[in-house]
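Remarks on the overall topology
Listed below, chain by chain, are the residues.
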Amino acid sequence: MDRATTDGDDRPCCWICLDSGPHAESGSPLRRECSCRGLSGYAHSDCLARYARRKSSIAGTADLAAFGRPWDVCPNCSQSYRNEVAMDLSSAFIAYVDEGEHKKNGMARLAARRLRLVAFGTYLMSTSRSGTPSKYLDDAKKAALAVIAIIDEMRAGEGTRLSQSVQILETDAYSVLGMAHLQQGTGDGAAEAVTYFTKCRDTCERIGHRLGTTVAESNMALSLAKSGRGSVVNTSDNLSKYDTMYQHCLAISSESSPNSISVGIRLADALMKEHHVCRANRFMRRVLEVSRRVHGADHDLTKRAAADYARYMKRYVVTVVDQGRQYHFEALRYTKAGRECVV
């Protein structure tokens, strides 16, 4: 046990057990995957799970939002947990529901598995460009199939009519399955992704979920292109999709929400691919400023936004020479009223 004991100790420690080293029993490390700053917010996943168990026991299942909140939201910064902490807590939430008095409560079981689905969906989206480790792809598929299995049980129940929110959750599960297969990086995986994105689109159309339909169709086009069965993705359509998604995020939350920032990063990338360079720069600067102010410089979204903004700020001059060869030079500054460029 290594406990911080002095006011001048600048080591982070778990805000629950106050140990500054690994967890005494499990050996799990101190981690912080929320929007806390400085030395605050660090905790062991085991301690967070114990805290969440106590809070959920008090809340009960009459209000499922309050029941699931301790497993999803940091009580210090009021932002959702992300990445591995979110995955660990969602797994512990499922264990808590399945092993106790709530195991026969279908909605409580679904709430726990929904949180795991959201954790993996968020992670897949944030790692789509850098690549998602294969173990997480498999876990994401299992999480999505678990949600679908419970919804199928509910659908098979006598006289059970699924609510709109449950049906939207089903489309999210199909979407996560599609993303997990697509990120395998193989033609077969992309072909399998088409199947799941098609199911997502068909369900969205049936329940009148227009945004879900738009996103699913875009993902279908991308999957078809990567499977070799479709044409190259239309960057203009892609820009329209992310603009629609971003406006939806603003309508249901704010520009500082993690979802808004994540979609904003993708919208800026779509702007760049459509050669709206100045607009992309201005928009990404705003996204970066908001993320840094609300979530801090160490937040994974802030780091992604900062890296993309630095990349967008670079200007390149393409020089075409004989035999079609192209050479790219970084533009350092312009002289003579912009007629010449120093590279």
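**With respect to the overall build of the protein**
When helices and strands are tallied, the protein shows 12 helices and four strands. Residue burial in the protein is summarised as follows: out of 343 residues, 45% are buried. Carbon together with sulfur atoms contributes 49% to the accessible area of the protein, which is approximately 18100 Å² in total. Side-chain charges of the protein comprise 47 positive and 39 negative groups, with the mean position of each set lying 4 Å from the other.

**Considering the nonpolar core**
Counting 34 residues, the largest nonpolar core has Leu110, Leu117, Leu124, Val147 and Val176 as its most contacted members. For this core, the secondary-structure elements that each account for two or more residues are helix 4 (106-126), helix 5 (134-156), helix 6 (164-182), helix 7 (187-207) and helix 8 (210-227). When residues in this core are grouped by element, the largest group, 10 residues, is from helix 5. In this structure, Val176 is in contact with Leu117, Gly121, Leu124, Ala140 and Ala144, ignoring residues within four places of it in sequence. Among the nonpolar cores identified, the runner-up in size contains 28 residues, and Tyr42, Ala49, Leu89 and Ala108 belong to it.

**Points about the pattern of salt bridges**
The tally for this structure, following the rule as stated, stands at 13 salt bridges. Of the charged contacts, one joins Glu255 and Arg286 as a salt bridge, the two residues approaching to 2.4 Å between their closest N and O atoms. You can see Glu255 sitting in the loop between helix 9 (235-252) and helix 10 (258-273) and its partner Arg286 sitting in helix 11 (residues 277-295), a full 31 residues away along the chain. Of the charged contacts, one joins Lys273 and Asp269 as a salt bridge, the two residues approaching to 3.2 Å between their closest N and O atoms. Taken together, the residues Lys273 and Asp269, both in helix 10 and four residues apart, mark about one turn of the helix. For Asp269, a relative accessible area of 13% puts it in the buried group. A network of salt bridges, in which partner residues are shared, links Arg31, Glu84 and Asp88.

**Description of a nonpolar patch on the surface**
Together, Val321, Tyr327 and Phe329 make up a nonpolar patch on the protein surface, roughly 250 Å² of accessible area in all. Looking at where Val321 falls in the secondary structure, it is placed in the loop between strand 1 (315-320) and strand 2 (326-331). Accessibility expressed as a relative area gives 35% for Val321, which makes it partly exposed.

**Some details on the layout of surface pockets**
One number sums up the size of the second largest pocket: a volume of about 150 Å³. Together, Arg32, Glu33, Cys34, Cys36, Tyr42, Asn83, His295, Asp298, His299, Asp300 and Lys303 line the second largest pocket. Across the lining of the second largest pocket, the residue classes tally to three nonpolar, three polar and five charged.

**Digging into helix 10**
Each turn of an α-helix holds 3.6 residues, which means side chains three or four residues apart point in the same direction. The end-to-end C-alpha distance of helix 10 is 23 Å, a good match for the 22 Å that 16 residues give at a rise of 1.5 Å each. Of all 16 residues that make up helix 10, 13 are buried, and the element is covered over most of its length. His275 occupies a position one or two residues after helix 10 and carries a positive phi of about 70 degrees.

**Quick look at the packing of aromatic side chains**
A full pass over the atoms with the stated rule returns seven aromatic pairs. Judged by centre distance (5.1 Å) and plane angle (85 degrees), the rings of Tyr246 and Phe283 are edge-to-face. A residue pair is termed long-range when its members are at least 10 positions apart, and Tyr246 in helix 9 and Phe283 in helix 11 qualify at 37 residues. In this pair, the class of Tyr246 matches that of Phe283, namely buried.

**What about unusual backbone geometry?**
For Leu18, which is not glycine, the phi dihedral falls at a positive 70 degrees. Along the chain, Leu18 turns up in the segment before helix 1 (45-59). A residue is classified by how much of its surface remains accessible, and Leu18, at 40% relative accessible area, is partly exposed. The phi dihedral of Ser78 is positive, around 60 degrees, even though this residue is not glycine. Note on placement: Ser78 falls in the loop between helix 2 (64-72) and helix 3 (83-99). Under the relative-accessibility criterion, Ser78 is labelled partly exposed at 46%.

**Brief notes about the environment of Ala216**
As for its placement among the helices and strands, Ala216 is situated in helix 8. On the basis of relative accessibility, which here comes to 2%, the residue Ala216 falls in the buried class. Spatially, the C-alpha atoms of Ala216 and Ser231 are 17 Å apart, while their sequence positions differ by 15 residues. Beyond its immediate stretch of four places on either side in the chain, Ala216 contacts Phe197, Cys200 and Arg201.

**Digging into the state of the cysteines**
Here a disulfide denotes a covalent bond joining the sulfur atom of one cysteine to the sulfur atom of another. On inspection of all chains with the given rule, the structure shows zero disulfides. Sulfur of Cys204: no disulfide; nearest cysteine sulfur belongs to Cys200 and is 4.2 Å away. In this structure Cys249 is a free cysteine whose sulfur lies 15 Å from that of Cys204, the closest cysteine sulfur available.

**Here we look at the packing of helix 3 against helix 4**
Running from amino to carboxyl end, helix 3 crosses helix 4 at an angle of 165 degrees, the nearest separation of the two axes being 9 Å. By the angle between their directions, the pair helix 3 and helix 4 is classed as roughly antiparallel. Classified by chirality, the crossing of helix 4 by helix 3 is left-handed. Two secondary-structure elements touch here, helix 3 through Asn83, Ala86, Met87, Ser90, Ser91, Phe93, Ile94, Val97 and Asp98 and helix 4 through Ala108, Arg109, Ala111, Ala112, Arg113, Leu115, Arg116, Ala119, Phe120, Tyr123 and Ser126. Its residues assigned to classes, the contact of helix 3 with helix 4 comprises 12 nonpolar, four polar and four charged.

About the thresholds
- Residues numbered from 1 in each chain as written.
- Predicted model: local features only at pLDDT ≥ 70, side-chain atom pairs only at ≥ 80, totals over all residues.
- Heavy atoms only, no water.
- Helix = DSSP H or I, 4+ residues; strand = E, 2+ residues; numbered from the N terminus.
- Buried < 20%, exposed > 50% of the residue type's maximum accessible area, 1.4 Å probe, protein only.
- Areas by Shrake-Rupley, 256 points an atom, 1.4 Å probe, with all protein chains shown as cover.
- Lys, Arg positive; Asp, Glu negative; His and termini not counted.
- Charge placed at Lys NZ, Arg CZ, Asp CG, Glu CD.
- Core = buried A, V, L, I, M, F, W, Y, C linked by side-chain atoms within 4.5 Å.
- Contact = heavy atoms within 4.5 Å.
- Salt bridge = Lys/Arg side-chain N within 4 Å of Asp/Glu carboxyl O.
- Patch = residues over 30% accessible without salt bridge, like charges linked within 9 Å, V, L, I, M, F, W, Y side chains within 5 Å.
- 1 Å grid on protein atoms, 1.4 Å probe; cavity = no way out; pocket = protein on both sides within 12 Å on 5 of 7 lines; lining within 4 Å.
- Points joined across faces, edges and corners; volume = space filled by probe spheres on them.
- Nonpolar A, V, L, I, M, F, W, Y, C, P; charged D, E, K, R; others polar.
- Expected span 1.5 Å × (residues − 1).
- Phe/Tyr/Trp six-rings, centres within 6.5 Å; stacked < 30°, edge-to-face > 60°.
- Disulfide = S-S within 2.5 Å.
- Axes fitted to C-alpha atoms, helices over the stretch in contact; angles between N-to-C directions.
- Parallel < 35°, antiparallel > 145°, perpendicular 65-115°, else oblique.
- Left-handed = near helix turned anticlockwise from the far one by under 90°.

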